[in-house]
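Analysis of the macromolecular model
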Protein chains: 2
Amino acid sequence: MTNAINNPRIVELRRGILKKNDEVAAGLRTGFLANKTFAVNVVSAPGTGKTRLLEETMRRLISHGWSVAAIVGDPETDNDAQRLRRSGAAVNQIITRGVCHLEASMVADAYAQLFLERELPPQILIVENVGNLVCTTSYDLGESLRVVMISVTEGEDKPLKYPGLFNSADIAVITKCDLAEACDCDLVTMRGNIHGVRPGIPIFETAAKTGRGVDAWVDALLQQRNALWAKS
Amino acid sequence: MTNAINNPRIVELRRGILKKNDEVAAGLRTGFLANKTFAVNVVSAPGTGKTRLLEETMRRLISHGWSVAAIVGDPETDNDAQRLRRSGAAVNQIITRGVCHLEASMVADAYAQLFLERELPPQILIVENVGNLVCTTSYDLGESLRVVMISVTEGEDKPLKYPGLFNSADIAVITKCDLAEACDCDLVTMRGNIHGVRPGIPIFETAAKTGRGVDAWVDALLQQRNALWAKS
């Protein structure tokens, strides 16, 4: 029977949507680079702990003197924007009204709103995507770095079951490592599975609750930013 | 700018897809009811622990003399089917090749394959959906019961952020309750948030690892099944 896998109309429409998204993303990327704004797209399942780790990340970046802003997507509520604002950063919430991923045009609108409120564009822009391991994969948001987060509570085999997201990421961050033993999660196996689908990707083990690994992850983020401007 | 929220072509196509899915689902439901097969659609985020609790659930149902089969959806790998087969049930894996939800036609195909291998249709059919809190919401799979699972590791506010899935479910199961304290999850708040978006829905607190609440959840499943046949 015909379904979303093999329906030619869906395949064609999807191709058109992605092509248009890619065009908007390319424009966004040009703008970000021109403004020296390092844009980071953070993807994960719902409940991985993105917001908690990002709040801690942004707090540290700001304390190091960086100007930071964030855009956060959720189907409903602005809970996450409220939490991220506690870091001191400017934050804009996109409520997607049930849409399961962010698109470049949503980010462009949210960024324009944020930017109008500020004299200078931020040096670092964190885009916290909707929690979704499939639909976020194909949408370029104009980012310079894509970060996939996975928590020890989700099971070691998630990279094998959702390879697309890990394949399209530049950095992997394992969250909630303080719970690894309680969840019977073997970090060596999880790392092996991540590298199985995405050989060589840098992996950081973190626990926002205890602070484990957070500095190393923040340093890596800054190194990636600095490497980008060294190139240009 | 136009995006998936407001693109009229997407809205129209989506409506058409869902209409067709509803037709296939209605056919499936008629078949299930005629066969006295109680079909259960289990939805959650990735990593909630559906497979582990379902393996334990199916093992108990089988030990009580019920014939049980399962259909399980994942973007890649047949890991979950292998795990569920340990319960002794007949299991068919749908590999969706990146599609983020199951559709009625996928279930129909998988059920036909399973059914051809068996003399009698199962009394209970568990459909373990792809891990996704948004896209699974709108697809009726012909089930008689929809169960939403949420783990204590995912945060208490998930029902508020993803109300659609909770609104369309008949039973809510909280998983990994043995980790509630370690995750700073207040079960009273989580229950309050579930009831906030779906007043009156029965909620079961479980931990597959310790066995907590599993019998109560299995009993509720059987009560729902028995109530259905008492009606017809």
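Here's a quick rundown of the structure. (Residues numbered from 1 in each chain as written. Chains lettered and ligands numbered in written order. Predicted model: local features only at pLDDT ≥ 70, side-chain atom pairs only at ≥ 80, totals over all residues. Heavy atoms only, no water.)

Let us now look at the sheet that holds strand S5 (residues 145–151) of chain A. Think of a sheet as strands paired side by side through backbone hydrogen bonds, with each pair either parallel or antiparallel. Residues and elements named next belong to chain A. Within the open sheet, the seven strands sit side by side as S3-S2-S4-S1-S5-S6-S7. Their pairing is parallel. The open sheet is flanked by strand S3 (90–95) and strand S7 (203–205), the only strands paired with a single partner. Each strand of the sheet is rotated relative to its neighbour by a mean of 20°, with strand direction disregarded. The sheet contact formed by strand S1 (residues 38–43) and S5 spans four bridges and is parallel. When the sheet's bridge partners are listed, Asn41 is paired in S5 with Arg146. (Pairing = 2+ DSSP bridges. Helix = DSSP H or I, 4+ residues; strand = E, 2+ residues; numbered from the N terminus. Axes fitted to C-alpha atoms, helices over the stretch in contact; angles between N-to-C directions.)

Here we come to the relation of the copies chain A and chain B. Of the transformation placing chain A onto chain B, the axial shift is 0.0 Å and the rotation is 180°, giving an RMSD of 0.0 Å. Viewed as a symmetry operation, the transformation between the two copies matches a two-fold axis. A shared binding surface is used by both copies, with 100% of the interface residues of chain A retained as interface residues in chain B. (Least-squares fit on C-alpha atoms with pLDDT ≥ 70 in both. Contact = heavy atoms within 4.5 Å.)

With that settled, the discussion passes to the nonpolar core. Among the nonpolar cores identified, the biggest contains 103 residues, and Leu125, Val152, Ile174 and Ile194 of chain A together with Val152, Ile174 and Ile194 of chain B are the most heavily contacted of them. The element that contributes the greatest number of residues to this core is helix H1 (residues 8–34) of chain A, accounting for eight residues. If sequence neighbours within four positions are ignored, Ile174 of chain A has contacts with Ile150, Val152, Leu187, Met190, Arg191, Ile194, Ile203, Phe204, Glu205 and Thr206 of chain A. (Core = buried A, V, L, I, M, F, W, Y, C linked by side-chain atoms within 4.5 Å. Buried < 20%, exposed > 50% of the residue type's maximum accessible area, 1.4 Å probe, protein only.)

It is worth spelling out unusual backbone geometry at this point. Residue and element names in this part refer to chain B. Phi is positive for Arg97, which is not a glycine, with a value near 50°. Among the secondary structure elements, Arg97 is positioned in the loop between strand S3 (90–95) and helix H4 (104–116). A residue is classified by how much of its surface remains accessible, and Arg97, at 57% relative accessible area, is exposed. With a phi angle near 60°, Lys176 is a residue other than glycine that sits in the positive phi range. Relative to the helices and strands, Lys176 resides in the loop between strand S6 (171–175) and helix H7 (187–197).

Residues and elements named next belong to chain A. In this structure the tally under the stated criterion is four aromatic pairs over all chains. With a centroid separation of 4.9 Å and an interplanar angle of 90°, the aromatic rings of Phe32 and Tyr111 are classed as edge-to-face. With Phe32 in helix H1 and Tyr111 in helix H4 (residues 104–116), the pair connects residues that are 79 residues apart, well separated along the chain. Considering the side-chain rings of Tyr111 and Phe115, the 5.8 Å spacing of their centres and the 20° angle between planes classify their relative orientation as stacked. Of this pair, Tyr111 and Phe115 both sit in helix H4, four residues apart, roughly one helical turn. Taking relative accessible area as the criterion, Tyr111 reaches 9% and is therefore assigned buried. When the ring centre of Trp229 is taken as reference, the NZ or CZ atom of Lys36 above it lies at 4.9 Å. (Phe/Tyr/Trp six-rings, centres within 6.5 Å; stacked < 30°, edge-to-face > 60°. Lys NZ or Arg CZ within 6 Å of the ring centre and 35° of its normal.)

Let us look at the pattern of salt bridges. All names here are of chain B. The final tally for this structure, using the stated rule, is 29 salt bridges over all chains. Here Arg83 makes a salt bridge to Asp80, at a shortest N to O gap of 3.7 Å. With Arg83 and Asp80 both in helix H3 (residues 79–85) and three residues apart, this pair spans about one turn of that helix. For Glu205, the salt bridge is made with Arg212, and the minimal N-O distance between the two is 2.9 Å. Among the residues examined, Arg212 registers a relative accessible area of 37% and is labelled partly exposed. (Salt bridge = Lys/Arg side-chain N within 4 Å of Asp/Glu carboxyl O.)

Moving on, we come to the layout of surface pockets. Its boundaries defined by the atoms lining it, the largest pocket holds a volume of some 1100 Å³. Along the wall of the largest pocket there are 44 residues; nearest its centre are Arg14, Cys100 and Cys135 of chain A together with Cys100 and His101 of chain B. Only H1 and helix H6 (163–167) of chain A together with helix H1 (8–34) of chain B provide two or more residues apiece to the lining of the largest pocket. For the lining of the largest pocket, the element with the highest residue contribution is H1 of chain A, accounting for six residues. A per-class count over the lining of the largest pocket returns 27 nonpolar, nine polar and eight charged. (1 Å grid on protein atoms, 1.4 Å probe; cavity = no way out; pocket = protein on both sides within 12 Å on 5 of 7 lines; lining within 4 Å. Points joined across faces, edges and corners; volume = space filled by probe spheres on them. Nonpolar A, V, L, I, M, F, W, Y, C, P; charged D, E, K, R; others polar.)

Read these as geometric descriptors, not functional statements.
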